[in-house]
Amino acid sequence: MAKTLYDPLVEKKGEKNGVKKGEKRSKLEVARNALVEGIEPHIIVKITGLPMETIQELQAKQENKS
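Predicted model, so just to flag it, every value in this text is computed and none were measured.

A word on a nonpolar patch on the surface
Together, Val30, Ile39, Ile43 and Ile47 line one region of the surface with nonpolar side chains, adding up to about 320 Å² of accessible area. Mapped onto the secondary structure, Ile47 falls in helix α2 (residues 41–48).

What follows is the structure, given as structure tokens:
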């Protein structure tokens, strides 16, 4: 009988990590777009669930680009 390296638990864990990364990426994109539209940071925190520090960092990066 051949042995494989496939482990369904490892696959499941990888899927969960991928989903979490994708969700965070989406939230960051929403936050960046909201900042461009002039939405107040405290409202973006409520909408995205991201910490205020993250929103402030995005805002600072955006201001540096201008």
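From this point, things continue past the structure.
Examining α2
Buried within α2 we find Pro41, Ile44 and Thr48. Projected onto a plane normal to the axis of α2, the buried residues spread over an arc of 55 degrees and lie on a single side. Contacts made by the buried residues of α2 are with α1 (8–36) and α3 (52–65). Immediately downstream of α2, the backbone of Gly49 shows phi near 80 degrees, a positive value.

Thresholds, definitions, all that
Residues numbered from 1 in each chain as written. Predicted model: local features only at pLDDT ≥ 70, side-chain atom pairs only at ≥ 80, totals over all residues. Heavy atoms only, no water. Patch = residues over 30% accessible without salt bridge, like charges linked within 9 Å, V, L, I, M, F, W, Y side chains within 5 Å. Areas by Shrake-Rupley, 256 points an atom, 1.4 Å probe, with all protein chains shown as cover. Salt bridge = Lys/Arg side-chain N within 4 Å of Asp/Glu carboxyl O. Helix = DSSP H or I, 4+ residues; strand = E, 2+ residues; numbered from the N terminus. Buried < 20%, exposed > 50% of the residue type's maximum accessible area, 1.4 Å probe, protein only. Arc of directions from axis to C-beta. Contact = heavy atoms within 4.5 Å.

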